[in-house]
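# Structural features, examined
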Amino acid sequence: MGHIKYASDVGAPVEVAFTYTDNHLLVPDWMFAVAAFEPKGELDQGLGAVFTTRIRLGLWRPTVECEITEYRRNVVIGYTLRGRLSGTLTLRFDPLGYGRSVLTSEAEYAPPGGLFGRPCLRPVDFAVRSALRHTESQLRREIEQFHGTDLVGRIA
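These remarks concern the structure in this document.

Reading the values: rules and limits
Residues numbered from 1 in each chain as written. Predicted model: local features only at pLDDT ≥ 70, side-chain atom pairs only at ≥ 80, totals over all residues. Heavy atoms only, no water. 1 Å grid on protein atoms, 1.4 Å probe; cavity = no way out; pocket = protein on both sides within 12 Å on 5 of 7 lines; lining within 4 Å. Points joined across faces, edges and corners; volume = space filled by probe spheres on them. Helix = DSSP H or I, 4+ residues; strand = E, 2+ residues; numbered from the N terminus. Nonpolar A, V, L, I, M, F, W, Y, C, P; charged D, E, K, R; others polar. Salt bridge = Lys/Arg side-chain N within 4 Å of Asp/Glu carboxyl O. Buried < 20%, exposed > 50% of the residue type's maximum accessible area, 1.4 Å probe, protein only.

## Re the layout of surface pockets
- Here the largest pocket is characterised by a volume of approximately 700 Å³.
- Together, 28 residues line the largest pocket, and L81, L85, S86, V128 and A131 are the ones closest to its centre.
- Those elements that provide at least two residues to the lining of the largest pocket are β3 (50–55), β5 (76–82), β6 (87–95), β7 (101–109) and α3 (117–147).
- Ranked by residue count, the leading element in the lining of the largest pocket is α3, at six residues.
- Among the residues making up the lining of the largest pocket, the classes are represented as 21 nonpolar, five polar and two charged.

Here it is as structure tokens:
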């Protein structure tokens, strides 16, 4: 399994960061290449919630299933992708003093296999690193912007 991990300082408390990240309607705003993220059943948050996820990577537009497989309020959310794209994304939230938190983003993925898998290992690793870095930085910006407003979007 390939494993990538990034941590960053977020200018918002853990509760705010988690609340923003936990809202499925906002996932396409911050998760790399996600065009739509819609609940598949009645559950739309928490452990066991399953989402139909439409991906947009250039001309390739697969639909995959995404399940929340790890969930502790204000601590961690783990997403598992199943389908033509597969892997896990785990987001951890830790307090970092007054009004700040640490966002740790981890991705695990199966490296390509077979005869052509070995030569493709580095480009795949680079692509996953870039996608995770983009997701992490976009999520951090979105959380900080969300924290600067109240629930109806007015400047606090």
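And the narrative resumes.
## Overview of the pattern of salt bridges
- Under the definition given, this model contains ten salt bridges.
- R100 is the salt-bridge partner of D9, the closest N and O atoms lying 3.2 Å from each other. Of the two residues, D9 is situated in strand β1 (residues 2–10) and R100 in the loop between β6 and β7; the sequence distance between them amounts to 91 residues.
- With a shortest N-O distance of 2.6 Å, E65 and K40 are connected by a salt bridge. Of this pair, E65 sits in strand β4 (residues 63–72) while K40 sits in the loop between β2 (34–39) and β3; the two residues are 25 residues apart in sequence, bridging distant segments of the chain.
- Assessed through its relative accessible area of 26%, E65 is described here as partly exposed.
- Given the relative accessible area of 52%, K40 is considered exposed.

Fair warning: the whole summary comes from geometry, so function is off the table for now.
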